[in-house]
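Residue-level structural notes
Okay, here's what each chain looks like letter by letter:
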Amino acid sequence: MPELPEVETIVRQLREYGVEGRTIRSVDVLWARTVEPLPVDRFRRELVGDTILRIDRVGKWVMLVLTSGRFLMIHLRMSGSFSTSPGSHDRLVLFLSGEMVLYYRDTRKFGRWKLVEDPSTVLDALGPDALTRDFNLRYFTAVMRGKHRRIKPLLLDQSVVAGLGNIYADEALWEAGIHPERWSDSLEDGELRTLCAAIRHVLRIGIRNRGTSLGKGRTNYRDLKGRSGGHRAEVNAYGRTGEPCKRCGVALERIIVGQRSTHFCPHCQKKT
DNA sequence: GAAGACCTGCTA
DNA sequence: TAGCAGGTCTTC
């Protein structure tokens, strides 16, 4: 569920809520496999007494920088979220100084909290974050031309660019007018330029709208205060199968590319 | 590459 | 009841 804009929204809210600077008084782990290293007792023992110096985001990872010099790396995967009040499907609870309590909620239990000495053990597997200067046209062109893969799965590959997920990949391709099954090394200079800009653009707009929420269920994206993201109304491609393209009016189609559901306009996004 | 695994809940 | 879901891993 959460892609870069949703994770960025959560990180900003955690900062605003005043999590930075708090000491971890206690940790409840309600679903053991959420944490690493195991066993749970060790994870808890290592964490208690440490202080959260800073909260950052890299790709879809939330990074808690601790004063001990260690790092708590959190990946929300499909349904992870934070809340300031308890609820069903809470998997971990952080009791912080000043009576603050943070609840980590994760219906599908895919999310992971990794306590590591060095963040590079996690981040080395990632390409540049999509919103940093390292993700630029020169880099993008080199990677696209250096591989012969369908463009859609390549955009989802976090070792190529960190932060895009299924929604924003479809949105970027729609905005750039590029068919999701195009080969990466077949894109013209102008198409690469447009797509590179579209990627950054759709992510920025997503952040501005505080993320995207689709369905209504418990697996749906919610921010720290339990609110849905506001980006839903501005989605152009994802989940709009059969609805008219906002550019040309032709009905959008859904296909499977790289085992992932993919939405596009057959008129605006030509295969050739 | 593809398929299965990890999980629960919603929708048709 | 079957199929689907915003993500990654592992194992063919």
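Residues numbered from 1 in each chain as written. Chains lettered and ligands numbered in written order. Predicted model: local features only at pLDDT ≥ 70, side-chain atom pairs only at ≥ 80, totals over all residues. Heavy atoms only, no water.

**Examining the packing of aromatic side chains**
Rule in force here: Aromatic contacts are taken between Phe, Tyr and Trp rings whose centres are within 6.5 Å, Trp giving its six-membered ring; a plane angle under 30 degrees counts as stacked, one over 60 as edge-to-face, and the others as tilted. Exposure classes here rest on a 1.4 Å probe applied to the protein chains alone. A residue is buried below 20% of its type maximum, exposed above 50%, and partly exposed in between. Our definition puts a charge over a ring when NZ of Lys or CZ of Arg is within 6 Å of the ring centre and also within 35 degrees of the ring normal.
The tally for this structure, following the rule as stated, stands at five aromatic pairs. Each ring, one from Tyr104 and one from Trp113, has its centre 5.4 Å from the other, and the planes form 70 degrees; the classification is edge-to-face. Tyr104 gets classed as buried once you look at its relative accessible area, which sits at 1%. Given the relative accessible area of 1%, Trp113 is considered buried. Following the ring pairs from residue to residue traces out a cluster consisting of Phe82, Tyr104 and Trp113. Positioned above the aromatic ring of Trp31 is the side chain of Lys109, whose terminal nitrogen or guanidinium carbon lies 3.5 Å from the ring centre. Sitting over the face of the ring of Trp174, Arg247 holds its NZ or CZ atom 3.9 Å from the ring centroid.

**Some details on the protein's contact with DNA strand B**
To keep things clear, this is the line we draw: Whether a residue is near a molecule or strand depends on its heavy atoms: if one lies within 4 Å, it is near. N or O atoms within 3.5 Å of each other form a polar contact, as long as, within protein, one can give a hydrogen and the other can take it, and as long as residues adjacent in sequence are counted only when both atoms are side-chain atoms. Gly falls in the polar group here, along with every residue not listed as nonpolar (Ala, Val, Leu, Ile, Met, Phe, Trp, Tyr, Cys, Pro) or charged (Asp, Glu, Lys, Arg).
The immediate surroundings of DNA strand B are formed by Trp31, Arg33, His89, Thr107, Arg108, Lys109, Phe110, Gly217, Arg218 and Gln259. Counted by atom, the contact set of DNA strand B within 4 Å of the protein is 68% sugar and phosphate. Between DNA strand B and Arg33 there is a distance of 2.9 Å, counted from a phosphate oxygen to a side-chain nitrogen or oxygen. At 2.7 Å, a side-chain N or O of Lys109 approaches a phosphate oxygen of DNA strand B. Classifying every residue of the surface near DNA strand B gives two nonpolar, four polar and four charged.

**Quick word on the side chain of Ser261**
Note the cut-off: The numbering of helices and of strands both runs from the N terminus, where a helix is a DSSP run of H or I of at least 4 residues and a strand a run of E of at least 2. Note on contacts: a residue pair qualifies if any of its non-hydrogen atoms lie within 4.5 Å across the two residues.
Residue placement: Ser261 occurs in strand E11 (residues 260-264). In this structure the side chain of Ser261 is engaged in a polar contact, spanning 3.4 Å, whose partner is the side chain of His263. Among all residues touching Ser261, those that are not within four sequence positions of it are Lys152, Asn166, Asp170, Arg254, Ile255 and Ile256.

**Remarks on the pairing of strand E8 (residues 100-106)**
Just so we agree on the cut-off: Between any two strands, pairing holds if DSSP finds at least two bridges.
Among the seven residues that make up E8, six are buried, leaving the element largely enclosed by the rest of the structure. Pairing of strand E6 (residues 80-83) with E8 involves four bridges; the strand directions are antiparallel. The residue of E8 that forms the bridge with Ser81 is Arg105. The sheet contact formed by strand E7 (residues 90-96) and E8 spans six bridges and is antiparallel. Its bridge partner being in E8, Phe95 is matched across the sheet by Val101.

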